[in-house]
Each structure stands twice: as C-alpha cells, then as structure tokens.
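Structure at a glance
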Amino acid sequence: MDSYSFDFTTFFDRRGQDADSVDHVSGVLEGYDIIPMWIADMSFETAPSVIEAVRSRLDKPHFGYFSPRAEWYDAIIGWHKARNGIEYDKSSICYVNSVLGGMVTCYDAFTRPGEPVLTHNPRYTGYATIDGSGRHTVYTDLIRDENGVWRMDFEDIESQIKKQHIRVFALCSAHNPTGRVWEKGELEQLVDICRRNGVIIVCDEIWSDIIIGNNKHTPILSVKGAEDITVAFYSTTKTFSLAGVKGAYAVIPDPDLRSRFLSTAGRTMLNQMSIFYMYSTIGAYSQSGQAWTDQLLKVLTENIGIAYDRLTAHEGIVCSKPQGTYLLYPQTSEWEKRHGVSHEELVRRGIERGVIWIDGDGFGTKGTLRLNVAVPTHKLIEAMDRLDEFAFIE
Ligand SMILES: Cc1ncc(COP(=O)(O)O)c(C=O)c1O
C-alpha cells in the first residue's frame, strides 16, 4: 500500500466550482485569499480511485433504472472488515440519501409525533433539524472529567429515558463536536441502559473513518447486545470529500427493525440511489481508497497537532485535541475577557484576513470557535500565522 502516492499538499482555488465553503463567504479584506475552515468538508480533492470508478461508468453512457450492484455491497462489507474488523451481512445494508434523512426516518418509524429523542449536548447542529419532523430533541450533557475528556453522564441518561419516556437515543460516534472516540466500555454501558429501558439506538457513524493518532473506533454493532436494538449510519461523504455527491447507508441487522425502517423510508419514494453515488462508493472503498484514507489521517493528525500547539500558545485559550474528526473547538472566552475583545470581534478579525472560522455556540460549545483543519498543512500554518498577527493581538 505504501506504493500509492496522493496529493494532500495542493491548495485548490474552488471559487465558482460549487463550493459553499468559499462561494458564500463575505467580509474578507482585499488581498487575502479564503482559507475555508468552517463548514465540515475538506479542502482536499477526493481519492483518485473515486474519480476512476465514476469515470469508467461515464464511458458507458446509459443511465437508466438500475439496482445496486453486488460490488457496492461487497465494497461496504470489505471496508468495515478492513477498517474495524466487523463483518456486516449484505441483507442488513440499506441505502439512504443522507445520514440526517436516515435518522429522521428512524424517528418516524420508531417514535410517535410529539415525542422527544435523546442525544448528547454538545451536539451537531443538524440534529435539531428533526424538530421539523414533529419530534423534538432533548439533551443529556457530556461532562468533562478531570483530564478534560468529555464523558457520558450515564445516571442522567437513564433518568431522562425514564422521565421523558424516551424510545430513541441518537448517538454520534465518533462524536461531533467534541471529537470523542468512545471507548468500548462506554458504549457497553450505553447499550446496557438502552436495552434495559426498551430504547432503540440510532447511531451516526459518519465520522467513524476520521480517527486521529492511535485512537480506535468501536463500531456500535460490535458491542454485545446492540445488534437487535440498533440502526447504524455510514457515509463516504466526510471521509472522501463527497458531500456534494450525496448518499449514505444504514446497517440494520435486526429484521424487525429493518422492515419497520424500510417501510417508513419507502413511503416517500425519496430514497433512490444515484448511479454516480454507487460508483463513487465502490471507488472509495477500494484498496487504493484505503491507502488514500491512511495518508489523509496522517495529514489530519499532523494538522491537529499544529493547530492545537499554535492556539494554546495564547494564554487563556483552552482546547482539547479531537480523538476523531478534523474539527477543533478552541475555548476563547478567557482570552477575550483578558484582552477586552468580544467573541464577535474575534470571529470578524479572522474572517477579515481570510481565515473562515465560525462561532461554536450553535454546537452547544459556548465561547468557542469552530476550526476545520482539513486543509493542506502549509495553508493551515498560514492561517495560524494570520490569526497570530491579526486576531490574537496581545
Ligand atoms: C455528525 C454528523 N452527522 C451527519 C452529517 C450530515 O450528513 P448527511 O449530509 O449525510 O445528512 C454531518 C455533517 O457535518 C455530521 O457532522
């Protein structure tokens, strides 16, 4: 695999190429290019194996109705076996248009209108979009331990489940925004609570390929007792810069849960796979795609280290290194207080110089900024230089 070589150093100008990360940015001063570090997609081109797979299909220009190929299932099964040592059965794999759409389908299938769904806080902002489906989100706070590691509050989870008659727990693993990669013991405890209380786990594993350093992802479905109470969602979109291609899939080993999920999903007729998504997944989940991901993870691990060191060099800024994801949430409130700078002013200072970061408030991480470090390393260093010079003015 070492014979592969991929480009994670070129910084592409994506303006006018259908990229929200650069096309919908305002407030940058003349003379500064945009370093997009806000929206959760990467500034790297997708893996060459994705392009090859899609291009090979374009050479056969017939795009009529189709059914997923055996290679699509094999690619998914092979990926999870190689990356996480778990073997999914073909029959358990169900296509969905998006992870969020799949989660909302679960809420429709497994809860009644007006009922709450429990999830952690801090949380990914997208989870609040379920409120439009007639359900609403309620939260159990993650709590930092003495080492600054975000931990689940199992007592609170169980008490909320009982008090609020929770039927579905939405788990994000690896967790956005805290960057936690859950330990097996933590997942076992959660599964045990959900089992005892008749709660279905809807597990969003969209970030499960972006695992930093020596951390290890534990698929929820590898946890004893999870198989018949869990729907797990995956996607190539985060890992391979494919958010604009769309497409995701659920793994639902339990036949009863699966049939309830599929009958709800089928009602709208909206979950229809695109042929380009299918080929992009086959290309992504190949040997070459694996090597690309390994190299990506090395770059992201280095970038996280650089960003962490540079940010925390400013007294008053606190940050934890994510164990997964490429998102950092530096807590800047103490620095702002010491320097008499408002949060909005700090955000503005970065944006003016082309460092496009955002307020972390919406993610339940008050007083933080969100910084996506999935940019070429030299560009990340440039961003840090600009922040030192123009934003964190001592
Ligand atoms: C935790 C999490 N889940 C889901 C999504 C979105 O997935 P999709 O576009 O497939 O709905 C994101 C995007 O940032 C995310 O961070």
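Residues numbered from 1 in each chain as written. Predicted model: local features only at pLDDT ≥ 70, side-chain atom pairs only at ≥ 80, totals over all residues.

**Some words on unusual backbone geometry**
Cis geometry is adopted by the peptide bond preceding Pro122, which originates at Asn121 and carries an omega value of -5 degrees. Of note, Pro122 is situated in the loop between β3 (116–121) and β4 (136–141). With a phi close to 60 degrees, Asp18 is a non-glycine residue in the positive phi region. Along the chain, the position of Asp18 falls in the segment before α1 (20–23). (Helix = DSSP H or I, 4+ residues; strand = E, 2+ residues; numbered from the N terminus.)

**Things to note about the nonpolar core**
If you look at the biggest cluster of nonpolar residues, it comprises 112 residues, and the most contacted ones within it are Val168, Ile201 and Val373. Once you skip the residues sitting within four places of it in the chain, Val373 turns out to touch Leu300, Asn303, Ile304, Ala307, Tyr326, Leu328 and Leu380. (Core = buried A, V, L, I, M, F, W, Y, C linked by C-beta atoms within 7 Å. Buried ≥ 20, exposed ≤ 12 C-beta atoms within 10 Å, placed from the backbone. Contact = placed C-beta atoms within 7 Å.)

**Comments concerning the sheet that holds β4**
Adjacent strands of a sheet pair through backbone hydrogen bonds, lying either parallel or antiparallel. The strand order across the open sheet built from seven strands is β2-β10-β9-β8-β7-β3-β4, with neighbouring strands paired in mixed fashion. Each edge of the sheet is formed by a strand with only one pairing partner; in this case those strands are β2 (93–96) and β4. Averaged over all adjacent pairs, the angle separating strand axes in this sheet is 25 degrees, with direction ignored. As paired strands, strand β8 (residues 200–204) and strand β9 (residues 230–234) are joined by four bridges and run parallel to one another. Each residue of the ladder has a partner; that of Asp204, found in β9, is Phe233. Sitting on the sheet, helix α4 (residues 99–110) is in contact with β2, β3, β7 (168–172), β8, β9 and β10 (248–251), with an inclination near 175 degrees to β8. Helix-sheet contacts for helix α5 (residues 154–164) involve β3 and β4, and the interaxial angle to β4 is about 150 degrees. (Pairing = 2+ DSSP bridges. Axes fitted to C-alpha atoms, helices over the stretch in contact; angles between N-to-C directions.)

**Let's talk about the domain arrangement of the protein**
Examined at the domain level, the protein breaks down into domain 1 (20–47 + 288–391) and domain 2 (63–285). Placing the centre of domain 1 and that of domain 2 at their C-alpha centroids yields a distance of 26 Å. With 26 residues of domain 1 at the interface, the matching set in domain 2 holds 29 residues. The greatest single-element share of the side of domain 1 that touches domain 2, amounting to seven residues, is contributed by helix α9 (residues 287–312). Of the residues contributing to the side of domain 1 that touches domain 2, the split by class is twelve nonpolar, twelve polar and two charged. (Domains from an automatic or database assignment. Nonpolar A, V, L, I, M, F, W, Y, C, P; charged D, E, K, R; others polar.)

**Quick word on helix α6 (residues 184–196)**
With 13 residues, α6 should cover 18 Å at 1.5 Å per step; its first-to-last C-alpha distance of 18 Å lies within 8% of that length. For α6, the complete set of buried residues consists of Leu187, Leu190, Val191 and Cys194. Within α6, the buried residues cover an arc of 100 degrees as seen down the axis, which keeps them to one side. Turned more than 90 degrees away from the buried face of α6, the exposed residues are Gly185 and Arg196. Its buried side turned inward, α6 meets β7 and β8. The first or second residue beyond α6 is Gly198, which carries a positive phi of 65 degrees. (Expected span 1.5 Å × (residues − 1). Arc of directions from axis to C-beta.)

**What about helix α7 (residues 255–268)?**
If you check α7, its first and last C-alpha atoms are 21 Å apart, about what 14 residues at 1.5 Å a residue would give, namely 20 Å. For α7, the complete set of buried residues consists of Leu257, Phe261 and Ala265. Axial view of α7: buried residues confined to an arc of 55 degrees, hence all on one face. Exposed residues pointing more than 90 degrees away from the buried face of α7 are listed as Pro255, Asp256, Ser259, Ser263, Gly266 and Arg267. On the buried face of α7, the contacting elements are β2, α4, β9 and β10. Met269 lies just past α7 and shows a positive phi near 65 degrees.

**Focus: the sheet that holds strand β13 (residues 358–359)**
With respect to topology, three strands assemble into an open sheet ordered β11-β14-β13, the strand pairing being antiparallel. Across the chains shown, the open sheet's two edge strands, defined by having one partner strand only, are β11 (327–328) and β13. Sheet topology note: the β13/strand β14 (residues 369–372) ladder contains two bridges and is antiparallel. Bridge pairing links Asp359 to Leu369 in β14.

**Observations concerning the environment of Gly225**
Structurally, Gly225 can be placed in the loop between β8 and β9. Judged by the 13 C-beta atoms lying within 10 Å of it, Gly225 falls in the partly exposed class. The sequence separation of Gly225 and Gln290 amounts to 65 residues, and the corresponding C-alpha distance is 30 Å.

**Quick look at the packing of helix α2 (residues 48–58) against helix α8 (residues 275–284)**
In contact at an axis separation of 7 Å, α2 and α8 are set at 140 degrees when each is read in the N-to-C sense. As far as their axial angle goes, α8 and α2 are oblique. Along this stretch, α2 crosses α8, giving a crossing that reads as right-handed. Within the contact between the two elements, α2 uses Ser49, Val50, Glu52, Ala53, Val54 and Arg57 and α8 uses Ile275, Phe276, Tyr279, Ser280, Ile282, Gly283 and Ala284. For the contact of α2 with α8, the class distribution of residues is eight nonpolar, three polar and two charged. (Parallel < 35°, antiparallel > 145°, perpendicular 65-115°, else oblique. Left-handed = near helix turned anticlockwise from the far one by under 90°.)

**Quick look at the packing of α9 against helix α12 (residues 377–391)**
Contact geometry for α9 and α12: axes closest at 10 Å, N-to-C directions at 10 degrees. Regarding the angle of α9 to α12, the classification is roughly parallel. Contacts between α9 and α12 pair Val299, Glu302, Asn303, Ile306, Ala307 and Arg310 from the former with Thr377, Leu380, Ile381 and Met384 from the latter. Per-class residue counts for the contact of α9 with α12 are six nonpolar, two polar and two charged.

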